[in-house]
Structure formats: structure tokens, C-alpha cells
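# Architecture at a glance
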Amino acid sequence: MFQHCDPAAIVFYPRYFEMINEVVETFFGDAVGWSFRQMHSVERVGVPMGRIETEFHASSRLGDALDWMLFVTRIGGASLDFTLRAASCDEARLTARGTLVLVDLDRMASIRWPDDKRATLTSYKEDEAP
């Protein structure tokens, strides 16, 4: 989208981090059934990024549609690792590997995954992202 691009009509790389957060938020809402609204406003928990490593494979330009894929690669007591890939017309644009940590927002301390959420997250786990 225009809002993601610099004057050369190429995605400005910090915007990818906003897109990564949108993918994570969509994953939790649609796949896990745990919206950020429910997490933050009702249950007072969140999943901030504890670590992120990103490889940029090719430029994305104004008008390119990006397909995003998120793979859960490890589930710990209070964290999970993921690999996220973005591509356009089967051309790799970005790979990100990161760690999300489940935290109590009032205490700003990590907490264990609830059993039902852990079970759902486990259903999306892949030993190695393709």
C-alpha cells in the first residue's frame, strides 16, 4: 500500500515490522481464537516480541500483494518461537524468526500459556518451517 512505501515506491523496511505485528495479531485472533482486544482489554495479557531476526530477500513495490505464512516452531512455558515468511507471486521477500512472550500486563512479568491456548498453538507447530 502507498502508506508502506518510501518516495521510490519501495516498502520502507520498518513498515515490515508493523506488517509482522499485524500478521501475529491476525494469527492470534483468527487461528488461536484469542483476539488482541480480549487479551489486552479483558484478560490484561499480551505477547510482546522478545526477539526478532529478519532477512530481506527482495524489494516489495507499490501494488505488490504479499502472502504471509506464520509457523510456530517452539512452544515454551511462557514463550513461543515462530518463523514468518512473506512472498509475492512466489518470490520470497522476507523471512522473520522471532520469539513472543506471554506477559501479565499489570505486573509486566511472563506467565505460562493457558492449557487451552497451548493446545491450539501446538496444532500449528512445525518442527521446521518449510
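A quick note: this is a predicted structure, and the numbers were derived from the prediction, not measured. (Residues numbered from 1 in each chain as written. Predicted model: local features only at pLDDT ≥ 70, side-chain atom pairs only at ≥ 80, totals over all residues. Heavy atoms only, no water.)

## Notes on the overall build of the protein
- When helices and strands are counted, the protein shows 3 helices and 7 strands.
- For the protein, whose C-alpha radius of gyration is 16 Å, the value lies close to the compact-globule estimate of 14 Å for 130 residues.
- Looking at the protein as a whole, 37% of its 130 residues are labelled buried.
- Sequence-distant contacts in the protein: of pairs separated by 6 or more residues, those separated by 24 or more amount to 61%.
- Accessible surface computed for the protein: about 7400 Å², of which carbon and sulfur atoms make up 51%.
- Side-chain charges in the protein split into 14 positive and 20 negative, and the spacing between the mean points of these groups amounts to 5 Å. (Helix = DSSP H or I, 4+ residues; strand = E, 2+ residues; numbered from the N terminus. Rg over C-alpha atoms; globule rule 2.2 N^0.38 Å. Buried < 20%, exposed > 50% of the residue type's maximum accessible area, 1.4 Å probe, protein only. Contact = heavy atoms within 4.5 Å. Areas by Shrake-Rupley, 256 points an atom, 1.4 Å probe, with all protein chains shown as cover. Lys, Arg positive; Asp, Glu negative; His and termini not counted. Charge placed at Lys NZ, Arg CZ, Asp CG, Glu CD.)

## Here's the deal with the sheet that holds strand E4 (residues 79-88)
- Within the open sheet, the 4 strands sit side by side as E2-E5-E4-E3. Their pairing is antiparallel. The open sheet has two free edges, formed respectively by strand E2 (49-56) and strand E3 (67-75), since each of these has just one partner strand. Going from strand to strand, the sheet's axes swing by 15° on average, the running direction of each strand aside.
- In terms of strand pairing, E4 meets strand E5 (residues 91-101) through 10 bridges, oriented antiparallel. For Ala87, the partnering residue across the bridge sits in E5 and is Ala92.
- Running over the sheet, helix H1 (residues 13-32) touches E2, E3, E4 and E5 and is turned about 65° from E3. (Pairing = 2+ DSSP bridges. Axes fitted to C-alpha atoms, helices over the stretch in contact; angles between N-to-C directions.)

## Let's talk about unusual backbone geometry
- Positive phi outside glycine occurs at Arg44, with the angle close to 60°.
- Secondary-structure assignment places Arg44 in the loop between helix H2 (36-43) and strand E1 (45-46).
- You can call Arg44 partly exposed: its relative accessible area is 33%.
- Positive phi is not limited to glycine here, since Cys89 has a value of about 50°.
- Summarising the element assignment, Cys89 is placed in the loop between E4 and E5.

## Remarks on the environment of Glu18
- With respect to the helices and strands, the residue Glu18 is situated in helix H1.
- The class of Glu18 is partly exposed, set by a relative accessible area of 40%.
- For the pair formed by Glu18 and Ser60, sequence separation is 42 residues and the distance between their alpha carbons is 15 Å.

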